[in-house]
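Residues per chain are reported as follows:
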Amino acid sequence: MWRLFRTMLGLLTLNAVGIALVLLSRSADVAWDCVRFLASDHTSIGLLDVKHGASIIEQSLVPAAYRTQLTWLPISNGLAFYYEFTMPTGTRNLGIAGYGQTFNIADNGKSQGLTTSLYSISSDDHYIVLNTSNPKQRRQTLTIHDRATLTPLVSAMIDGNVSPKSTSDIFSRQSAPDWSASNEWFAFTSYTSTSLTLTLMSPSGKQAESVTLNGKNSLTRIIWSPTGTSLAILSGRSANRQAYANLDIVTLVNGYWQRVNSYDVNLDATSPLTWELADAVWDATGQTLTVLQGASVNEGLNISLLTFRSDHTAIPTITTLDANARPIALTPAWLCVQDAATRQYTLVPLSAAQSPVTLTTSCLSPYLSPDKARLLLKLPSSASAAATWAGLSADPFSLTSLSLPVGLSDNLAWGSDHRYLIARIPAESINPNKIVGQIALIDTATWQWSLVPQKADLVLPATISPDSSRFTVWTESGDTLLLLDTDDHLLAELPIDTPYDFSVNVGWSPDSQYMLVSRIDNAGLTMISLFNRDGRVLKTFRQPAEFEMWLGGYLDPSWSRCEPSSKLRA
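Remember, it's a predicted structure, so these values are computed and weren't measured experimentally. (Residues numbered from 1 in each chain as written. Predicted model: local features only at pLDDT ≥ 70, side-chain atom pairs only at ≥ 80, totals over all residues. Heavy atoms only, no water.)

## What to know about the packing of aromatic side chains
Spelled out, the test is: Note on ring pairs: Phe, Tyr and Trp rings are taken, using the six-membered ring of Trp, and paired if centres are within 6.5 Å. Classes follow the plane angle, with under 30 degrees stacked, over 60 edge-to-face and the rest tilted. Under the scheme applied here, a residue whose accessible area is under 20% of the maximum for its type counts as buried, over 50% as exposed, and between as partly exposed, the area being computed with a 1.4 Å probe on protein chains only.
Tallying each qualifying case throughout the model produces eight aromatic pairs. Between Trp179 and Phe186 the ring centres are 5.1 Å apart and the planes differ by 45°, which places this aromatic pair in the tilted class. For Phe186, a relative accessible area of 0% puts it in the buried group. An aromatic cluster of three or more residues is present, and its members are Tyr119, Tyr127, Trp179, Phe186 and Phe188.

## Concerning the sheet that holds strand β9 (residues 127-134)
So the rule is basically this: In this description, strands pair whenever DSSP reports at least two bridges between them. Secondary structure elements are defined from DSSP: runs of H or I of at least 4 residues count as helices, runs of E of at least 2 residues count as strands, and each element is numbered from the N terminus. Only C-alpha atoms enter the line fits that serve as axes; for helices the fit covers just the stretch in contact. Angles between N-to-C directions range over 0 to 180 degrees.
Read across the open sheet, the four strands follow the order β8-β9-β10-β11; overall the sheet is antiparallel. Edge positions in the sheet fall to β8 (115-121) and β11 (152-159), since each has one partner strand and no second. In this sheet, neighbouring strand axes are inclined to one another by 25° on average, regardless of whether the strands run parallel or antiparallel. As paired elements, β8 and β9 share six bridges and run antiparallel to each other. Bridging across to β9, Ser120 finds its partner in Val129.

## Points about the environment of Ala333
Relative to the helices and strands, Ala333 resides in the loop between β24 (325-330) and β25 (334-339). Along the sequence, Ala333 and Trp282 sit 51 residues apart, while their C-alpha atoms lie 9.4 Å from each other.

## Brief notes about the nonpolar core
Note the threshold: Here, nonpolar core refers to any group of buried Ala, Val, Leu, Ile, Met, Phe, Trp, Tyr and Cys residues whose side-chain atoms link them within 4.5 Å.
One finds Trp334, Leu347, Leu359, Leu375 and Leu376 to be the most contacted residues of the largest nonpolar core, which totals 32 residues. At the level of elements, β24, β25, β26 (345-349), β27 (357-359), β28 (374-379), β29 (388-393), β32 (420-426) and β33 (436-443) are the ones that each hand at least two residues to this core. Here the element with the most residues in this core is β28; it accounts for four residues. Val260, Leu277, Val291 and Phe308 belong to the second largest nonpolar core, which has 19 residues in total.

## Focus: the pairing of strand β15 (residues 207-213)
Pairing of strand β14 (residues 196-202) with β15 involves seven bridges; the strand directions are antiparallel. Considered in β15, the bridge of Leu198 is made with Val211. Counted between consecutive antiparallel strands, the loop separating β14 from β15 contains four residues, among which Lys206 sits at a positive phi close to 50°.

## Comments concerning the environment of Ala462
Within the secondary structure, Ala462 is located in the loop between β35 (456-457) and β36 (463-464). Among the residues examined, Ala462 registers a relative accessible area of 4% and is labelled buried. As for Ala462 and Leu412, which are separated by 50 residues in sequence, their C-alpha atoms are 9.6 Å apart.

## Some points on the confidence of the model for the protein chain
Rules: The pLDDT value expresses, per residue, how confident the predictor is, ranging between 0 and 100. Residue contacts are defined here by distance: any two heavy atoms, one from each residue, within 4.5 Å place the two residues in contact.
Looking at the protein chain as a whole, the pLDDT averages 75, with 69% of positions reaching at least 70. Of the regions scoring below 50 in pLDDT, residues 1-29 engages in 58 contacts with residues more than four places distant in sequence or in other chains. Across residues 564-570, where pLDDT falls below 50, the model places 16 contacts with residues more than four positions away in sequence or in other chains.

## Considering the side chain of Asp178
Along the polypeptide, Asp178 turns up in the loop between α2 (167-172) and β13 (186-191). The class of Asp178 is buried, set by a relative accessible area of 11%. Discounting chain neighbours no more than four positions away, the residues touching Asp178 are Ser120, Lys165, Trp185, Phe186, Ala187 and Trp224.

## Examining the pattern of salt bridges
The test is simple: Only one rule defines a salt bridge in this text: a Lys or Arg side-chain nitrogen within 4 Å of an Asp or Glu carboxyl oxygen.
What the rule picks out here adds up to five salt bridges. The salt bridge involving Arg533 is made with Asp467; its shortest N-O contact spans 3.5 Å. Remark: Asp467 occurs in the loop between β36 and β37 (470-474) and Arg533 occurs in the loop between β42 (526-532) and β43 (537-542); sequence separation between them is 66 residues. The partly exposed category is assigned to Asp467, whose relative accessible area is 26%.

Below is the structure:
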């Protein structure tokens, strides 16, 4: 039962991530005139000057003989690429390519039994961590490098095994974060048959410290506090069970990292229950940690919330929930719980001053904002009455009634700053292959909403600019793009002919000054149009033949400076 709960939690979390709008971050000091792309041969990177339609293949990363073994992944919003490939001799080459420069490390340690691989990338893309391992000696060295030059900054040698990390975890960043919020500290765990160790490294301070934990074995999860001065480390019994049995709290005290608290679910040997730790979250101050704990009881679950403070004097407090409760998601502000018998959802605020809120819909995606600070709720209503909606804000905790239109769809989209929410309201349609209706724009800062008057094609995605000043929707016919501002003004109607709904893509530059639209025309050619923020067309041209289908295909567009512009050719 507990394993089923953990599986549900994972699936629902992935669903929440999947429907959110993924938009590029803003930068006011960059002229976003170019887009990075992957060449059709998958071995080179290049630039497209979207203002002039000029393009260049900047460099080939690997010889033709090794191209089938190339692994590449974009970093720093596509301004650079990490790559690695293995030659027939077994030597692995890895490095960073970007702006016409390539920084390369040739891993020539095969004769000594050494291998080097990528382990982590900081959230600001300034640092990468490489792991050089010697399996025979069970010794590993993790080194933080400056991403721009691959200059080594600080290293830590570990006797034992470093907790494993997959490439997909590194680049999708779906795993628990290794880095503190400010990227001042990088943390990882290592283990032997008898011990578990936390190591912390500072690339700016060029220092490394290790702390022995009470937990055991390789299954670990690191949870940083928002302030970056404390960590919670969950550790478990076995990777197969995916269950945590131990908690350690490590805090920066007088400039040094110290373990200040530990908790073991097996401390009470007289208990007939097998307790397991599922999740943990810090509050906004980084002083209080809430831990979700559960135990299987007669095919059901007994759920408790434990509260710790980051100082060593604190004693955990336990809040026991209803025996039928099935926890769905834990955030710093609330716990979403489903009653296993009635399948009714309850939102439990973690603040003792607030009362639980009963819902008729899930507390999760698509109604939860990506930063988990705001929630669109569907509240109970009588069978004869329309659904009642409410907007909930976490800090400060507030509940605002909303009179949203009947038929609001689950297919929602959030803006990059998590303020605006685009909601779809389907209408009856005689065409089963086309979904039309209206679009509602909800401002979650004020919980005010407005309705786009025109009917919209609800299959084609709506987009919100990174600065939350503009958004786009497609008309019912699917051949015209409406550009509106968030004050309900229609700025432009942009006719864009295409025979295929799925072949149209819209992407904003990080500074919200340009909008790029690609589509396949009636001749089967991919056409690209650049518009300014008010909908005036600046350039329309055919996608160069050397391009990969990066819009809506293998690689999404990554905006960049046109640098070095002297390389561009028409």
